[in-house]
Structure formats: structure tokens, C-alpha cells
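Close look at the chain arrangement
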Amino acid sequence: MSSQIQGDAQLATQVKSPDLSDLFIQFLIIGAVSFGGGIIAYERILLVEKRKWLSADEFMAYLAISQTMPGLNSVNLAVLAGDHLRGVLGAIIAPLGLILPGSLFVLGIGMIYASAADHPSINLILGGIAAAATGLLAAVTYQISDTHWRHMKSLVIIVCTFLLMSILKLSLPYVILIMAPISIYLYRPSKS
Amino acid sequence: MSLLIHLVWTFALLSILAVGGGTAVLPEMQTILAHQFGIDHTQFVHIYSVGQLAPGPNMLMVLVIGYQIAGLIGAGVVLLSFFLPSSILCFYIGRLWSRFGESPWRRSIQNALEPISIGLMSSGVYAVAKASIVSGTTLVLALVTLYLILRTKINPVLVILGSGGFGALLMTYYK
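Everything quoted here is computed from the prediction, not taken from an experiment. (Residues numbered from 1 in each chain as written. Chains lettered and ligands numbered in written order. Predicted model: local features only at pLDDT ≥ 70, side-chain atom pairs only at ≥ 80, totals over all residues. Heavy atoms only, no water.)

What follows concerns the layout of surface pockets. Of the volumes computed, that of the largest pocket is approximately 1,300 Å³. In terms of lining, the largest pocket is formed by 38 residues, of which the most central are A:Gly38, A:Ile40, A:Val140, A:Ile144 and B:Asn58. Of all elements in the fold, only α3 (39-50), α4 (56-68), α5 (73-116) and α6 (120-145) of chain A together with α3 (41-51) and α5 (104-132) of chain B reach the threshold of two or more residues within the lining of the largest pocket. Among the elements that make up the lining of the largest pocket, the one with the highest residue count is α5(B) (six residues). Split by residue class, the lining of the largest pocket holds 17 nonpolar, 19 polar and two charged. The volume enclosed by the second largest pocket comes to roughly 440 Å³. Contributing elements (two or more residues each) for the lining of the second largest pocket: α5 of chain A together with α4 (62-100) of chain B. Among the elements that make up the lining of the second largest pocket, the one with the highest residue count is α5(A) (12 residues). Residues belonging to the lining of the second largest pocket are distributed by class as follows: 19 nonpolar, two polar and no charged. (1 Å grid on protein atoms, 1.4 Å probe; cavity = no way out; pocket = protein on both sides within 12 Å on 5 of 7 lines; lining within 4 Å. Points joined across faces, edges and corners; volume = space filled by probe spheres on them. Helix = DSSP H or I, 4+ residues; strand = E, 2+ residues; numbered from the N terminus. Nonpolar A, V, L, I, M, F, W, Y, C, P; charged D, E, K, R; others polar.)

For the rest of this paragraph, the subject is the pattern of salt bridges. All names here are of chain A. The full count for this structure, using the stated rule, is three salt bridges over all chains. Two residues, Asp-22 and Arg-51, come together in a salt bridge whose shortest N-O distance is 2.5 Å. Here Asp-22 is found in helix α2 (residues 20-33), whereas its partner Arg-51 is found in the loop between α3 and α4, with 29 residues between them in sequence. Salt-bridge contacts for Glu-49 lead to Arg-44; the nearest nitrogen and oxygen are separated by 3.1 Å. (Salt bridge = Lys/Arg side-chain N within 4 Å of Asp/Glu carboxyl O.)

It is worth spelling out the packing of aromatic side chains at this point. Overall, the coordinates contain five aromatic pairs over all chains when judged by the stated rule. Between A:Phe162 and B:Tyr126, the ring centres sit 5.6 Å apart and the planes meet at 75 degrees, which makes this aromatic pair edge-to-face. With A:Phe162 in helix α7 (residues 152-167) and B:Tyr126 in helix α5, this pair bridges two chains. Summarising the aromatic geometry, the rings of B:Phe11 and B:Phe82 are spaced 6.2 Å apart at their centres and angled 85 degrees between planes, so their arrangement reads as edge-to-face. In this pair, B:Phe11 is assigned in helix α1 (residues 2-17) and B:Phe82 in helix α4, connecting sequence segments 71 residues apart. Considered together, B:Phe11 and B:Phe82 belong to a single accessibility category, that of buried residues. Clustering of aromatic rings is evident, with ring pairs tying together B:Phe11, B:Phe82 and B:Phe83. A:Arg44 extends its terminal NZ or CZ atom over the ring of A:Phe59, reaching a point 5.7 Å from the ring centre. When the ring centre of A:Tyr185 is taken as reference, the NZ or CZ atom of A:Arg188 above it lies at 4.2 Å. (Phe/Tyr/Trp six-rings, centres within 6.5 Å; stacked < 30°, edge-to-face > 60°. Buried < 20%, exposed > 50% of the residue type's maximum accessible area, 1.4 Å probe, protein only. Lys NZ or Arg CZ within 6 Å of the ring centre and 35° of its normal.)

A few words now on the interface of chain A and chain B. On the chain B side, the residues contacting the 82 residues of chain A number 93 residues. When the area that chain A buries against chain B is broken down by residue, the three leading residues are A:Leu72, A:Tyr113 and A:Leu137, summing to 8%. Connecting chain A to chain B are one salt bridge. Note that B:Arg95 is salt-bridged to A:Asp83, the shortest N-O span being 2.7 Å. Run the count over chain A and chain B and you get 15 residue pairs in polar contact (both at pLDDT 80 or more). Elements with a minimum of two residues in the side of chain A that touches chain B: α2, α4, α5, α6, α7 and α8 (172-186) of chain A. Counting residues per element, the side of chain A that touches chain B draws most heavily on α6(A), which supplies 23 residues. The residue makeup of the side of chain A that touches chain B, split by class, is 52 nonpolar, 27 polar and three charged. (Contact = heavy atoms within 4.5 Å. Buried area = accessible area lost by both parts, 1.4 Å probe. Polar contact = N/O pair within 3.5 Å; in protein donor to acceptor, adjacent residues only side chain to side chain.)

Another point: the side chain of A:Thr161. Considering the arrangement of structural elements, one finds A:Thr161 in helix α7. Assessed through its relative accessible area of 0%, A:Thr161 is described here as buried. In this view, A:Thr161 contacts A:Val175, A:Met179, B:Ile116, B:Gly119, B:Leu120 and B:Ser123; residues no more than four positions away in its chain are not counted.

Residue and element names in this part refer to chain B. Between its terminal C-alpha atoms α4 stretches only 35 Å, short of the 57 Å expected from 39 residues at 1.5 Å a residue. Along α4, the sharpest kink reaches roughly 145 degrees, centred on Ala-70. At the C-terminal side of α4, Gly-101 shows a positive phi close to 80 degrees. (Expected span 1.5 Å × (residues − 1). Bend = angle between axes of the 7 residues up to and from the residue.)

Dropping the structure here:
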């Protein structure tokens, strides 16, 4: 029983600050196995369930900041979790682990692509892959938009953003400069 | 050298503008790459698509774009300029947040940015679709993928690979 308590106490101090190498390797694993997306879920399992480095509330708070800030949510989350666990070094090491395996993978693809893109049968395969990637992006967009289609306020913002970007072909900085203030005004905190 | 600086500037700006994730900047990236770096829409959509096969964060395909434009150095430069600015920003804002605590404005800003980011993603779908859906066969493949992703739990990587193989077969015979 006492050894159990001692074990728990030891665990608690480990939870405070994981090794940098452990932090790196855990995020490296996520970066290597997360084929087909769902990377936030992998991060949650690691941080909250497997290692208990963050409480569920801390995780949700960091996720919310990650979603508010520009950049990829999964990378932002790794930055914030890394900083929480090991400060600046953690904030560098965690996202580095996350992007390293995929970067090497993609670089390999890039080299093959650069040397084979002119081959006609490769182009047919790429055509099929591109069609599927379009379907995937449409599906992901649909899933993320969730209930937004049914709310007038968000529907108007979605449609206006789309029109400015795709039909009027404004450049992205202008689209954001126009839409962000309007949208933030519409969603401003209520006084109550 | 000026090409590399141009790359840094372009991708650093896209990094900061990536509201709600990387796919929000797809249409802008496609336009800039076509006008300023000579990567046409078909090439762009091919690179984007094979990038979906990779594990990890889903915009790592920017590396291939960098590689295509300026070789290995280009790949490294693009990786850093696309991931560093937003990460540094997030790092500092994250620290400010823990100092000042949760404000109702954070929730408001997140809610406000969500529909903008969905609108931009829709533009992304439109941009990618215009370059990839070029025949009856590709339309069918895209719709089948959409259905499979929404209705089943098959890993998207398998669907994409299947579509590549099956599509090549179909297009060889039917065009």
C-alpha cells in the first residue's frame, strides 16, 4: 500500500515535467502514425489519458486557444502543451516531433513527383487521387461546419466570405480585414 | 536569393492568415503560386492531394511546393516560414492568456472566426474542385469519396489510394 502511494507520488512529480526526449518521442509517434487525419484526437489521448500531462479542462482551454489563433490547430496545440510542460524548449520540441515524420514522408513524395509527374500513367493516378482529395476536403468542410448551416448569422458570414474569396476574387488579407470585424461585432460578448 | 526571400514572405503571410487551420489558405495559396511562382492549378492540386497521404498535420505538402520551386533549400525555407510565424504568435498569446485568464472576448473571437474559416474552406473546396474535377470519371470518384468519408469509418488514406488506382484504370479505358 505504501509503495503504491510512493509510486503515485513519483508519478505526480513525473507528471510535472516530462523529459524533453520523452516529450519529443511521444509527439514524434503521433506525427508518424496519424495517417488520414484525426490528429487532435491522438493528442488528446496522449496528453489527457495516456500520460495525464494535462487535465481535461486544461486540454480544452489550450484547444480553444489553438483554434482561435492562426495556424494549424494540431501544431498550435503542441506548442501550447509543450510550453506548459517544459517551457520554451518544450514549445519547440513538441511541434518539431509532430511535423518531422510527415515532413520526411512528404519530401520523399516530392522527389518522386518531381521526377515522375510527366509520365502519362502517373498523371492518371494523380487525377484519381486529386478527385478523392477534393471529396475528402468537401467532407471535412461539411463535418466542421456542423450546425453552422442552420444558423442565419453564421450562414451569412460563410456565404459572404465565400463570395469575396471565390467570386470577387479578393486576396485573402482583404477578405479577412473585411469579414473579421463584421463577424466579431456580430458575435461580441453580450452585456447581460 | 530573391526567390527564397519571396518564398519566405509569401508563406509567412499565409501562416499568419491561416484562420481556423491550414485549409483556409488553400485558394489564396493556389492563386499566388500560379501567378508568382509558375505552379499551375493542376500541379497544385496534385501536390495538395498526394500530401493528404502523409501522416501528421495536413498542410505538410507545402514542403513539396518549396521543393518544386527551389529544391531542398526551398522545402526547408517554406517549412519554416509556414510553421514558425503562427507558432511563435500562438506561443506568446498562449502565455498572455494564462496571465490574464479567460475573457468573454476569446470565446467571441473564436465563434466569429469559425464561420469565416468555413467560408474559406468552402472556397478551398471550390478551388480544388475546379482543378481536379475535369471529367465524368473524376466527378464520380469525388462523390464516392465524399460518401465514403461521411458514411463509413474507412481511413481516408485508403480511399485516396483506391481512387488513384481505380481512377487510373477507368481513365485508361474511358477517358
